[in-house]
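Structural overview for review
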Amino acid sequence: MRVQDENPSHLRVERLSLPDSLALATDGKAPFAALGYGTPHGVAWMPTVNARVLSSQGAMADVWHVTGANIRSGTTGIARWRTDGHWLLGAIDLDEATEKQGLAELAHRAYRDLFKTLDQAGTPHLQRIWNYLPQINGDGGGLERYRQFNLGRQEAFLEAGRAAFEGAPAACALGIHQGALSIRFLAGQQAPLPVENPRQVSAYRYPETYGPRSPTFSRAALSDIGDGNIALFISGTASIVGHETVHHGNVLEQTRETLRNLQAVITAANERGTAKFSLAELDCVVYVRHPAQTEAVRGVIESALGADAPMARHAVYLEADICRSDLLVEIEAHTVAAGRLQA
Ligand code: 3EB
């Protein structure tokens, strides 16, 4: 049975403007870690998603706080990390230009070091992964680069004896226009509870028409973050019903379908315990393939939820390619609610 507050270190997250997040580092003391959105700025505790910010508020960051007192940082192979011994936030940045391997091999190597990091830090369970691939829809020598990535990623999961199907972590995989193959990851001491979307085929069960190895992620994950709170991590969510892309070429309908999928995941998550989540409360990142369509996407979100909804006000819009070339928009999110997971 899960005890309500068995975490000796509580995790908390807040979304701030970049200046406000940087101002948290005072008297030589930094917060646990942050994930920044925008141009990287060389702050060690804030790995960044190197993508153009399309939101008018400018660069933002999700700042993660822990109550564990003893924060250590280090590197394991190509992975950098910070941990308090209970929670770990890590980052990998691999510049392909200086590597002699293809993307499948690089993904394999990255995930091997990622798992090594988790094993050594005593935080074995992935809560959430963010993957960013340069030229995600580009050709990687007869196979699309995203599909190559899927090959190496699944191989590394299987090799490490980790769940690559049911029980895979929540994740997203987006295409960035510049920079390195970038992976950010949050891990802890307890396995999260995976959640699937009844409107969609599980991604790890996609048919082979989407590539020789399926993507390795669950639609969402529920984590007990301590202090009576549950975090819901929602994977990258797009206009996919069953396993097929719907509303080709129509960004308005793709955004509406994405919101229906987010709601379906939230409804499924709400059946897994007493914590109740709502679409209007999500802290989301909206990835838009064509920057000129940003206002159209924002219009759909604001008319569905109201412009004053926290989801609409806190949304970060980033320019990115989506892992299927027919997808125009993808939304990923996290949110926290008080409650307990079902035993
Ligand atoms: C999809 O639903 C859209 O490969 O880690 C979403 C979330 C997507 C995660 C991944 C891919 C990934 O299939 C793409």
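In the block above lies the structure referred to throughout.
First things first, this report covers the structure right here in the doc. In every chain, residue numbers begin from 1 and rise along the written sequence. With pLDDT at 70 or above as the cut-off, local features in this predicted model cover only qualifying residues; side-chain atom pairs require 80 or more to be listed or tallied, and sums for whole chains, interfaces and linings still use all residues. Side-chain metrics in this entry use all non-hydrogen atoms of the structure; hydrogen atoms and water are not considered.

Section: the pairing of strand E16 (residues 283-288)
Operational definition: Partly exposed describes any residue whose relative accessible area lies between the buried limit of under 20% and the exposed limit of over 50%, with all areas from a 1.4 Å probe on protein chains only and scaled to the type maximum. What counts as a helix is a DSSP run of H or I of at least four residues, what counts as a strand is a run of E of at least two, and both are numbered from the N terminus. By this definition, two strands are paired if DSSP reports at least two bridges between them.
Within E16, six of the six residues are buried, leaving the element largely enclosed by the surrounding structure. Of the two faces of E16, the one holding Asp283, Val285 and Tyr287 and the one holding Cys284, Val286 and Val288 are both buried throughout. Bridging between E16 and strand E19 (residues 329-338) involves six bridges; their strand directions are antiparallel. Residue Val288 lies in a different strand from E19, and its bridge partner there is Val329.

As for unusual backbone geometry
Not every positive phi belongs to a glycine, and Asp27 is a case in point at roughly 50 degrees. Residue position: Asp27 is located in the loop between helix H1 (18-22) and strand E2 (33-37). With phi around 60 degrees, Asp227 is a residue other than glycine that occupies positive phi space. Within the element layout of this structure, Asp227 appears in the loop between strand E12 (220-226) and strand E13 (229-237). Taking relative accessible area as the criterion, Asp227 reaches 51% and is therefore assigned exposed.

Some points on the environment of Thr255
Along the chain, Thr255 falls in helix H4 (residues 251-270). The spatial distance from the C-alpha of Thr255 to the C-alpha of Phe233 is 19 Å, given a sequence separation of 22 residues.

Details of the site of the ligand
Where we set the bar: We call a residue near a molecule or strand as soon as one heavy atom of that residue lies within 4 Å of the molecule or strand. Throughout this description, a polar contact denotes any pair of N or O atoms lying within 3.5 Å of each other; where both atoms belong to protein, one of them has to be capable of donating a hydrogen while the other can accept it, and for residues adjacent in sequence the pair is counted only when both atoms sit in side chains. To be clear on the numbers: accessible area is Shrake-Rupley with a 1.4 Å probe, and residue cover counts the displayed protein chains and nothing else. Think of it as three bins: nonpolar holds Ala, Val, Leu, Ile, Met, Phe, Trp, Tyr, Cys and Pro, charged holds Asp, Glu, Lys and Arg, and polar takes everything else, Gly as well.
In the region of the ligand, 13 residues are neighbours, and Tyr146, Arg153, Tyr206, Arg219 and Cys323 sit closest. Taking Arg153, its side chain carries an N or O atom lying 2.7 Å from an oxygen atom of the ligand. One of the side-chain nitrogen or oxygen atoms of Arg219 is found 2.8 Å away from an oxygen atom of the ligand. The protein chains hide 100% of the 360 Å² of surface that the ligand would expose on its own. Per-element accounting of the shell around the ligand gives the leading share, three residues, to strand E9 (residues 170-176). The class makeup of the residues in the shell around the ligand is nine nonpolar, one polar and three charged.

Comments concerning the sheet that holds E2
Taken together, the four strands give an open sheet; going across it, the order is E1-E4-E2-E3, and neighbouring strands pair in mixed fashion. Lying at the two open borders of the sheet, with one neighbouring strand each, are strand E1 (11-17) and strand E3 (48-49). Pairing analysis gives two bridges linking E2 to E3, with the strands arranged parallel. Bridge pairing in E3 links Gly36 to Thr48.

Quick look at the packing of helix H2 (residues 103-121) against helix H3 (residues 145-159)
Geometry of a packed helix pair, given as the angle between the helix axes and the separation of the axes. Where we set the bar: Simply put, an axis is a line fit to the C-alpha atoms, just over the touching stretch for a helix, and the angle between two N-to-C directions goes from 0 to 180 degrees. Here a crossing is called left-handed whenever its near helix is offset anticlockwise from the far helix by less than a right angle, and right-handed whenever the offset is clockwise. Whether two residues touch is decided by their heavy atoms; if any such pair falls within 4.5 Å, the residues are in contact.
Where H2 meets H3, the closest approach of the two axes is 7 Å, and the angle between their N-to-C directions is 35 degrees. Helix-helix and strand crossings are classified by hand; for H2 and H3 the assignment is right-handed. Here H2 contributes Leu103, Ala104, Ala107, His108, Tyr111, Arg112 and Phe115 to the contact with H3, which in turn contributes Arg145, Gln148, Phe149, Leu151, Gly152, Arg153, Glu155, Ala156, Phe157 and Glu159. Partitioned by chemical class, the residues of the contact of H2 with H3 number nine nonpolar, three polar and five charged.

A word on H3
The condition that has to hold: By this rule, a helix spans an expected 1.5 Å times one less than how many residues it contains.
A rise of 1.5 Å per residue sets the reference length of H3, with its 15 residues, at 21 Å; its end C-alpha atoms lie 21 Å apart and thus fit the reference within 8%. Those residues of H3 not exposed but buried are Arg145, Tyr146, Gln148, Phe149, Asn150, Gly152, Arg153, Gln154, Ala156 and Phe157. Gly161 sits one or two residues past H3 and shows a positive phi near 70 degrees.

Side note on the nonpolar core
Let me state the cut-off plainly: What is meant by a nonpolar core is a set of buried Ala, Val, Leu, Ile, Met, Phe, Trp, Tyr and Cys residues, joined one to another through side-chain atoms within 4.5 Å.
With 66 residues, the main nonpolar core has Trp64, Tyr111, Leu114, Phe185 and Tyr287 as its most contacted residues. The element that contributes the greatest number of residues to this core is H2, accounting for nine residues. Trp64 has contacts with Leu11, Arg12, Val13, Pro31, Phe32, Ala33, Ala34, Leu35, Leu89, Trp130, Leu186 and Phe233, leaving out every residue within four places of it along the chain. Core analysis: the next-biggest nonpolar cluster, separate from the first, contains 34 residues, Ala269, Val297, Ile301 and Ala315 among them.

Examining the sheet that holds E9
Taking strand neighbours across the sheet as the criterion, the seven strands line up as E5-E6-E7-E10-E8-E9-E18 in an open arrangement whose pairing is mixed. Only two strands of the sheet have a single neighbouring strand rather than two, namely strand E5 (72-76) and strand E18 (321-322). Seen against the sheet, H2 touches E5, strand E6 (79-83), strand E7 (88-94), strand E8 (125-134) and strand E10 (181-188) and runs at an angle of roughly 25 degrees to E10. The strands touched by H3 are E8, E9 and E10; relative to E8, the strand with the most contacts, the crossing angle is about 150 degrees.

Some details on H2
For H2, built from 19 residues, the straight-helix expectation of 27 Å at 1.5 Å per residue is met to within 8% by its first-to-last C-alpha distance of 27 Å. Backbone geometry just after H2 places Gly122 at a positive phi near 75 degrees.

Fair warning: the whole summary comes from geometry, so function is off the table for now.
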